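Overview (structure and organization)
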Amino acid sequence: MDRLAQLQQFIGKEFDQSPSPFMKWLNPIVLSVEAGHLEFQYTVRPEWLNPIGNLHGGVTAAIVDDIIGATMFSLNENSFITTINNVIDYFSTAKENDNIVAETKIIKRGRQFVNAQCEIWNADKTRLIARGTSNLFKINN
């Protein structure tokens, strides 16, 4: 089974079979899967908060990096694709027990490099929490 089909099996469920231990810890629910486009939902947990009770920026950045990695997985490339950089803009906050939605898309897919974007929204997508872009490099195995 190809990687895209593996991801699609989890639509509406927790992605508990991820090859990434970190993604298993983040525990997303898969909302939609297309090649190069994913939508995952997360529930903000107490250990994800900063000292004033908002979603920690580092956790936000980790979600961006992790779901973009899964987006690369959905492309069924024969190469391993690694992150070169992440740029995150923070626009709003989330609190404990809030559901947030991360949505990705590929901006440019070249022979060696990929540029991808992730937006993190509140549950009904009326408030943008953060937007991240990443440049990634294909490493031939």
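Residues numbered from 1 in each chain as written. Predicted model: local features only at pLDDT ≥ 70, side-chain atom pairs only at ≥ 80, totals over all residues. Heavy atoms only, no water.

What about the pattern of salt bridges?
For side chains bearing opposite charge, pairing can occur when the charged atoms are close. Taken as a whole, this structure holds 6 salt bridges when the rule is applied. Residues E77 and R109 are paired through a salt bridge, measuring 2.7 Å at the closest nitrogen-oxygen approach. Highlighted residues: E77 in the loop between α3 (57–73) and β3 (80–90) and R109 in strand β4 (residues 99–109), separated in sequence by 32 residues. The partner of K138 in a salt bridge is E77, with the nearest N and O atoms 3.3 Å apart. With K138 in strand β6 (residues 128–139) and E77 in the loop between α3 and β3, this pair connects stretches of sequence that are 61 residues apart. One salt-bridge network, in which partners are shared between bridges, spans E39, E103 and K125. (Salt bridge = Lys/Arg side-chain N within 4 Å of Asp/Glu carboxyl O. Helix = DSSP H or I, 4+ residues; strand = E, 2+ residues; numbered from the N terminus.)

Quick word on the UniProt feature "domain: Thioesterase" (unreviewed entry) in the chain
Residues annotated by UniProt as "domain: Thioesterase" (unreviewed entry) correspond here to residues 53–126. The span residues 53–126 is 23% helix and 43% strand, and its two end C-alpha atoms sit 21 Å from each other. (UniProt positions renumbered as here; feature names shortened; annotations may be inferred.)

Here's the deal with the environment of I106
Tracing the chain through its elements places I106 in strand β4. Under the relative-accessibility criterion, I106 is labelled partly exposed at 23%. Linking I106 and R127, residues 21 residues apart in sequence, is a C-alpha distance of 22 Å. Leaving out residues up to four positions away in the same chain, I106 has contacts with G36, T71, M72, L75, V114, N115 and A116. (Buried < 20%, exposed > 50% of the residue type's maximum accessible area, 1.4 Å probe, protein only. Contact = heavy atoms within 4.5 Å.)

Here we look at the packing of aromatic side chains
One pass over the full model with this rule turns up 6 aromatic pairs. Aromatic pair F113 and F137: ring centres 5.3 Å apart, planes at 50°, arrangement tilted. Here the residue F113 occupies a position in strand β5 (residues 113–122), and F137 occupies one in strand β6, the gap between them amounting to 24 residues. Assessed through its relative accessible area of 44%, F113 is described here as partly exposed. (Phe/Tyr/Trp six-rings, centres within 6.5 Å; stacked < 30°, edge-to-face > 60°.)

Re the side chain of E39
Of note, E39 is situated in strand β2 (residues 37–43). Looking at E39, its side chain comes within polar contact range of the side chain of K125, at 2.9 Å. Not counting chain neighbours up to four residues away, the residues in contact with E39 comprise I29, V30, L31, S32, V101, A102, E103 and K125. (Polar contact = N/O pair within 3.5 Å; in protein donor to acceptor, adjacent residues only side chain to side chain.)

Some words on the layout of surface pockets
Of the pockets and cavities examined, the largest pocket occupies roughly 460 Å³. In terms of lining residues, the largest pocket is bounded by 22 residues, among which G69, A70, F73, F80 and I81 are the most central. Among the secondary structure elements, those contributing two or more residues to the lining of the largest pocket are α1 (3–8), α3 and β3. When residues of the lining of the largest pocket are assigned to their parent elements, the largest contribution, 6 residues, is made by α3. Within the lining of the largest pocket, the residues separate by chemical class into 10 nonpolar, 8 polar and 4 charged. (1 Å grid on protein atoms, 1.4 Å probe; cavity = no way out; pocket = protein on both sides within 12 Å on 5 of 7 lines; lining within 4 Å. Points joined across faces, edges and corners; volume = space filled by probe spheres on them. Nonpolar A, V, L, I, M, F, W, Y, C, P; charged D, E, K, R; others polar.)

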